[in-house]
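Chain and residue survey
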Amino acid sequence: MRILLVEDDPMIAEAVNAALADESHVVQHVTNGRSALGQIAANDYQLVLLDLGLPGLDGMTVLRTMRAEKRDTPVIILTARDALEDRLQGLDAGADDYLVKPFHMSELLARMRAVMRRRNGAADNVITNGVITLFEDTKSAEMAGRKITLTKREYSLLAALLARPGAILSRRALEDRIYAAGEEPESNAVEYLIHSLRKKLSADAIRNVRGLGWMVASRDDAAKS
């Protein structure tokens, strides 16, 4: 997933960033509310991790602004405010979950999985188009009964395609999912990863739409094949 981390504590941000990177997520980190709203307006994130006690524009204002602008990106609040009233206020403002500091990274990861399952209507930590199945817990795939081991970037790219089966994703969109903010995309990295995935899955698992990008079959198309 591509995740926006909004946290002004450098130690917490570093720990969260490292834990998410280990799970093959691409993280962009900002330290204040105004920067958060700017990034949310300019980019497509699958999840926002939002501190409340931010300098300037606080996290609650960021959350309310997002929802007022009809941005439905899932939000998990990360905060030291543990009063019941604060938790209820955050959830009523549109947060999907609320995690009180200090927390274990394993709990954060579990809550992220739960939020995404609820949003995706899935009972398990899997993404599938009916032909290719991706397992979040093991960062592996399955196709035609074969279990397939993936690298971190192969997993991130395939997850981006399977999140929108039937939709064409451009090179830029895929680079955004496999590179963190500030990282310079390597030349032909997307083509290399797709070539590698086709070798592991099948030659027609990922389709190139010339001049536009790449896609995997929609559920309806996959069912016909």
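Each remark here, short or long, concerns the structure printed above.
Residues numbered from 1 in each chain as written. Predicted model: local features only at pLDDT ≥ 70, side-chain atom pairs only at ≥ 80, totals over all residues. Heavy atoms only, no water.

Quick notes on the overall build of the protein
- Tallying secondary structure elements over the protein gives nine helices and eleven strands in all.
- Against the 2.2 N^0.38 benchmark of 17 Å for 225 residues, the protein shows a C-alpha radius of gyration of 18 Å, consistent with a compact globule.
- Principal axes of the C-alpha set define a box for the protein whose edges measure 55 × 35 × 30 Å.
- Within the protein, the proportion of its 225 residues that are buried is 46%.
- Of the contacts made within the protein by residues no fewer than 6 positions apart, 58% connect residues no fewer than 24 positions apart.
- A total of about 11400 Å² of accessible surface is found on the protein, and carbon and sulfur atoms cover 48% of it.
- Of the charged side chains in the protein, 30 are positive and 32 negative; the average position of the first set lies 6 Å away from that of the second. (Helix = DSSP H or I, 4+ residues; strand = E, 2+ residues; numbered from the N terminus. Rg over C-alpha atoms; globule rule 2.2 N^0.38 Å. Buried < 20%, exposed > 50% of the residue type's maximum accessible area, 1.4 Å probe, protein only. Contact = heavy atoms within 4.5 Å. Areas by Shrake-Rupley, 256 points an atom, 1.4 Å probe, with all protein chains shown as cover. Lys, Arg positive; Asp, Glu negative; His and termini not counted. Charge placed at Lys NZ, Arg CZ, Asp CG, Glu CD.)

What about the sheet that holds strand β7 (residues 132–135)?
- Taken in spatial order, the four strands line up as β6-β7-β8-β9 in an open sheet, and their pairing is antiparallel. Every other strand in the sheet has two partners, leaving β6 (126–128) and β9 (146–149) as the edge strands with one partner each. Recorded for the sheet is a direction-independent mean angle of 25° between the axes of neighbouring strands.
- Pairing of β6 with β7, which is carried by three bridges, proceeds in the antiparallel orientation. Within the sheet, the bridge partner assigned to I127 lies in β7 and is L134. (Pairing = 2+ DSSP bridges. Axes fitted to C-alpha atoms, helices over the stretch in contact; angles between N-to-C directions.)

A short note on the pairing of strand β4 (residues 75–79)
- In terms of burial, β4 is largely enclosed, as five of its five residues are buried.
- The pairing of strand β3 (residues 47–51) with β4 spans four bridges and is classified as parallel. When the sheet's bridge partners are listed, L49 is paired in β4 with I76.
- Viewed along the sheet, the connection from β3 through helix α3 (residues 59–68) into β4 turns out right-handed.
- Remark: the β4/helix α4 (residues 84–92)/strand β5 (residues 97–100) crossover connection has right-handed handedness. (Right-handed = clockwise from strand over helix to strand, strands pointing away.)

Here we look at the pattern of salt bridges
- Summed over all chains, the structure comprises 15 salt bridges.
- In this structure, R177 and D44 form a salt bridge, with 2.9 Å as the shortest nitrogen-oxygen distance. Note that R177 is positioned in helix α7 (residues 171–178) and D44 in the loop between α2 (33–42) and β3, a separation of 133 residues in sequence.
- In this structure R177 comes out as buried when scored by relative accessible area, which is 10%.
- Here E69 makes a salt bridge to R71, at a shortest N to O gap of 3.0 Å.
- For R71, a relative accessible area of 27% corresponds to the partly exposed category.
- Counted as one network, the salt bridges with shared partners bring together R2, R172 and D176. (Salt bridge = Lys/Arg side-chain N within 4 Å of Asp/Glu carboxyl O.)

Overview of the sheet that holds strand β2 (residues 26–30)
- Reading across the sheet, the five strands line up as β2-β1-β3-β4-β5 and stay open at both edges, with parallel pairing between neighbours. Sheet topology places β2 and β5 at the edges, where each strand pairs with a single neighbour. If you compare each strand with its neighbour and ignore which way they point, the axes differ by 20° on average.

Observations regarding the nonpolar core
- Ranked by size, the top nonpolar core spans 27 residues in total, and within it L157, L158 and L201 carry the most contacts.
- Not counting residues within four places of it along the chain, the set of residues in contact with L158 comprises I132, L134, A141, L150, L197 and L201.
- Core analysis: the second largest hydrophobic core is formed by 20 residues, L50, L52, L54 and V62 among them. (Core = buried A, V, L, I, M, F, W, Y, C linked by side-chain atoms within 4.5 Å.)

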